[in-house]
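Residues per chain are reported as follows:
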Amino acid sequence: MTVRELLRAVTPKPVRSAIKPLVARLGQGHHGLLACPSPPHVHGSATPQGIGVIFDNPSEMSVDERMFLYAIIRGRRPDRALEIGTYHGGSAAIIASAMEENGKGLVIGVDPAPDVTVSLSAFHGRFRLVSKPSPEATAEASAVAGGPFDVVLIDSIQDRKT
């Protein structure tokens with residue numbers, strides 16, 4: 001089984017529909033998702049916290065993974081990001097801080113039982129939360145975002161009975 005087949009098998013259909021535009025853009029060469037118009041500038045920071053957010057917020061990601069997430073958001077400069085599995089809000093704060101550095105963007109977090117412990121100021125006003133399970137929440141999340149998502153982070157545990 002390929003990675004693509006595995007992801008298709010474990011990802012609920014509503015989530016696949018929400019990320020379909022991203023998958024389509026993967027094949028667009030230097031104009032697609034893997035293109036980076038300019039390298040992210042992670043040293044000079046417009047916000048007081050800047051890249052320090054990767055060290056200061058609750059997340060089960062390693063520091064390397066946090067830096068990668070921050071760099072992806074800085075480099076891709078998305079208008080809208082979806083995070084499935086927000087829980088404490090650490091990854092959402094990383095995305096929101098990178099968006100703040102970019103001067104644009106909104107991150108929508110989806111979680112059926114969030115327990116956001118990150119300070120609201122860490123989100124720079126760029127975070128909205130949908131408190132529902134991911135398959136049911138994708139349409140609402142898209143409506144809250146005001147359009148299709150440019151980046152999707154699936155950071156959740158699926159506990160489904162089949």
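The rules behind each value
Residues numbered from 1 in each chain as written. Predicted model: local features only at pLDDT ≥ 70, side-chain atom pairs only at ≥ 80, totals over all residues. Heavy atoms only, no water. Axes fitted to C-alpha atoms, helices over the stretch in contact; angles between N-to-C directions. Helix = DSSP H or I, 4+ residues; strand = E, 2+ residues; numbered from the N terminus. Left-handed = near helix turned anticlockwise from the far one by under 90°. Contact = heavy atoms within 4.5 Å. Nonpolar A, V, L, I, M, F, W, Y, C, P; charged D, E, K, R; others polar. Patch = residues over 30% accessible without salt bridge, like charges linked within 9 Å, V, L, I, M, F, W, Y side chains within 5 Å. Areas by Shrake-Rupley, 256 points an atom, 1.4 Å probe, with all protein chains shown as cover. Salt bridge = Lys/Arg side-chain N within 4 Å of Asp/Glu carboxyl O. Buried < 20%, exposed > 50% of the residue type's maximum accessible area, 1.4 Å probe, protein only. Phe/Tyr/Trp six-rings, centres within 6.5 Å; stacked < 30°, edge-to-face > 60°. Core = buried A, V, L, I, M, F, W, Y, C linked by side-chain atoms within 4.5 Å. Pairing = 2+ DSSP bridges. Polar contact = N/O pair within 3.5 Å; in protein donor to acceptor, adjacent residues only side chain to side chain.

Okay, the packing of helix H4 (residues 63–76) against helix H5 (residues 90–102) next. Close contact between H4 and H5 brings their axes to 8 Å; oriented N to C, the two are set at 35°. The chirality of how H4 crosses H5 is right-handed. Contacts from Arg-66, Leu-69, Tyr-70, Ile-73 and Arg-74 of H4 reach H5 at Ser-91, Ile-94, Ile-95, Ser-97, Ala-98, Met-99, Glu-101 and Asn-102. Taken together, the residues of the contact of H4 with H5 break down into seven nonpolar, three polar and three charged.

Here we take up a nonpolar patch on the surface. Taken together, the side chains of Phe-55, Val-63 and Met-67 define a hydrophobic patch exposed on the protein surface, amounting to about 280 Å² of accessible area. Secondary-structure assignment places Val-63 in helix H4. Relative accessible area serves as the criterion here: at 37%, Val-63 is assigned to the partly exposed category.

Another point: the packing of aromatic side chains. The full count for this structure, using the stated rule, is one aromatic pair. Seen from their ring centres, Phe-123 and Phe-127 are 4.4 Å apart, and the 20° between their planes marks the pair as stacked. Of the residues examined, Phe-127 reaches a relative accessible area of 13% and is grouped as buried.

Attention now goes to the nonpolar core. Core analysis: the biggest nonpolar cluster contains 21 residues, and Leu-69, Ile-73, Ile-95, Val-107 and Phe-123 have the highest contact counts within it. In terms of residue count, the dominant contributor to this core is H5 (seven residues). When near neighbours in sequence (up to four residues on either side) are disregarded, Ile-73 contacts Pro-78, Ile-95, Ala-98, Met-99, Asn-102 and Val-151.

Our next topic: the pairing of strand E2 (residues 106–110). With five of five residues buried, E2 lies mostly within the body of the structure. Of the two faces of E2, the one lined by Leu-106, Ile-108 and Val-110 and the one lined by Val-107 and Gly-109 are each fully buried. Taken together, the five bridges between strand E1 (residues 80–84) and E2 define a ladder with parallel strand orientation. Across the sheet, the residue bridging to Leu-82 is Ile-108, located in E2. In this sheet, strand E3 (residues 127–130) lies alongside E2 in parallel orientation, the contact comprising four bridges. Note that in E3 the partner of Ile-108 across the bridge is Arg-128.

Here the focus is the environment of Ile-73. The residue Ile-73 is located in helix H4 in this model. The exposure class of Ile-73 is buried, given its relative accessible area of 0%.

Moving on to the environment of Glu-140. Topologically, Glu-140 is positioned in helix H6 (residues 134–145). The exposure class of Glu-140 is partly exposed, given its relative accessible area of 33%. On a C-alpha basis, the gap between Glu-140 and Val-110 in space is 9.7 Å, while along the polypeptide they are 30 residues apart. With sequence-adjacent residues up to four places away left out, Glu-140 is seen in contact with Val-130 and Lys-132. Here Lys-132 takes part through its side chain, which lies 2.6 Å from a polar atom of the side chain of Glu-140.

With that settled, consider unusual backbone geometry. Of note, the phi angle at Arg-77 is positive, near 55°, even though the residue is not glycine. For Arg-77, a relative accessible area of 33% corresponds to the partly exposed category. Even without being a glycine, His-124 presents a positive backbone phi close to 55°. Tracing the chain through its elements places His-124 in the loop between E2 and E3. A residue is classified by how much of its surface remains accessible, and His-124, at 25% relative accessible area, is partly exposed.

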